[in-house]
Amino acid sequence: MDGDWLADHKKDVDLFETLAAINERFAKLQDSIASAMRHSALLAGESTDSFLKVLSLFEKQGVVDATSDWQRCRAIRNIAAHDYSTHYAQIAEHFNLLNELADVLLVTSKRLVTWSAEQLGIFPATQDFSDEFDTVFQPRL
């Protein structure tokens, strides 16, 4: 996506509602994973007094590839939460970054589910969406 294309579609309400939903879901997914990592670390008896310690633990465990990737996701998430720009090139760049960084969150969530099962014996409450969950992540792992 580029800024010129967005500018050409600036009156497309459905498009911008979809982009807003993508932005919100990216932020919610990262927040949910962060909460689950903190709780998982606590259950594993690890220090959770700072989220950097939690990230470090999960980087060592192979759940997170790199703390810097997580922090990059957080930064892009925070920019969207506080920036109301109408500069279409910047908006396009933001959503291209979300698309690029979505794999970081998706792979992390799958790895966290696997780690929690293996290390803590904790599994999803139901298997209702297990097939769909596995299907989403197969090409990424």
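Everything below is about the structure printed above this text.
Residues numbered from 1 in each chain as written. Predicted model: local features only at pLDDT ≥ 70, side-chain atom pairs only at ≥ 80, totals over all residues. Heavy atoms only, no water.

Draft legend 1. Spatial organisation of the packing of helix H2 (residues 13–43) against helix H5 (residues 88–120). Their axes nearest at 9 Å, the elements H2 and H5 cross at an angle of 30°. Comparing the axis directions of H2 and H5 gives the class roughly parallel. Between H2 and H5 lies a crossing whose hand is left-handed. Within the contact of H2 with H5, the residues separate by chemical class into 19 nonpolar, 7 polar and no charged. (Axes fitted to C-alpha atoms, helices over the stretch in contact; angles between N-to-C directions. Helix = DSSP H or I, 4+ residues; strand = E, 2+ residues; numbered from the N terminus. Parallel < 35°, antiparallel > 145°, perpendicular 65-115°, else oblique. Left-handed = near helix turned anticlockwise from the far one by under 90°. Nonpolar A, V, L, I, M, F, W, Y, C, P; charged D, E, K, R; others polar.)

Draft legend 2. How the structure looks around the pattern of salt bridges. Under the defined criterion, the tally for this structure stands at 6 salt bridges. Put simply, Asp31 and Arg74 hold a salt bridge, and the shortest N to O gap is 2.7 Å. Of this pair, Asp31 sits in helix H2 while Arg74 is found in helix H4 (residues 67–82), placing the two residues 43 residues apart along the sequence. The partly exposed category is assigned to Arg74, whose relative accessible area is 32%. Within the structure, one salt-bridge network assembled from shared partners comprises Asp31, Arg74 and Arg77. (Salt bridge = Lys/Arg side-chain N within 4 Å of Asp/Glu carboxyl O. Buried < 20%, exposed > 50% of the residue type's maximum accessible area, 1.4 Å probe, protein only.)

Draft legend 3. Representation of the packing of aromatic side chains. Summed over the entire model, instances satisfying the criterion amount to 2 aromatic pairs. Both rings, one in Phe51 and one in Trp70, keep their centres 6.1 Å apart while their planes meet at 40°; by these two values the pair is tilted. Here the residue Phe51 occupies a position in helix H3 (residues 51–60), and Trp70 occupies one in helix H4, the gap between them amounting to 19 residues. An angle of 80° between the planes, with centres 4.9 Å apart, marks the rings of Phe58 and Trp115 as edge-to-face. (Phe/Tyr/Trp six-rings, centres within 6.5 Å; stacked < 30°, edge-to-face > 60°.)

Draft legend 4. Summary view of H2. For H2, built from 31 residues, the straight-helix expectation of 45 Å at 1.5 Å per residue is met to within 8% by its first-to-last C-alpha distance of 44 Å. Among the residues making up H2, those that are buried are Leu15, Leu19, Asn23, Phe26, Ala27, Gln30, Ile33, Ala34, Met37, Ser40 and Ala41. For H2, the N-terminal cap is Asp12; the gap from its side-chain oxygen to the backbone nitrogen of Asp14 is 3.2 Å. Positive backbone phi, approximately 80°, marks Gly45, located one or two places after H2. (Expected span 1.5 Å × (residues − 1). Polar contact = N/O pair within 3.5 Å; in protein donor to acceptor, adjacent residues only side chain to side chain.)

Draft legend 5. Layout of the nonpolar core. Formed by 27 residues in total, the largest nonpolar core has its most connected members in Phe26, Met37, Phe58, Trp70 and Leu112. Put simply, the parts of the chain that give this core at least two residues each are H2, H3, H4 and H5. Here the element with the most residues in this core is H5; it accounts for 10 residues. Non-local contacts of Met37, meaning those with residues more than four positions away in its chain, are made with Phe51, Val54, Leu55, Phe58, Val64, Trp70, Thr108 and Leu112. (Core = buried A, V, L, I, M, F, W, Y, C linked by side-chain atoms within 4.5 Å. Contact = heavy atoms within 4.5 Å.)

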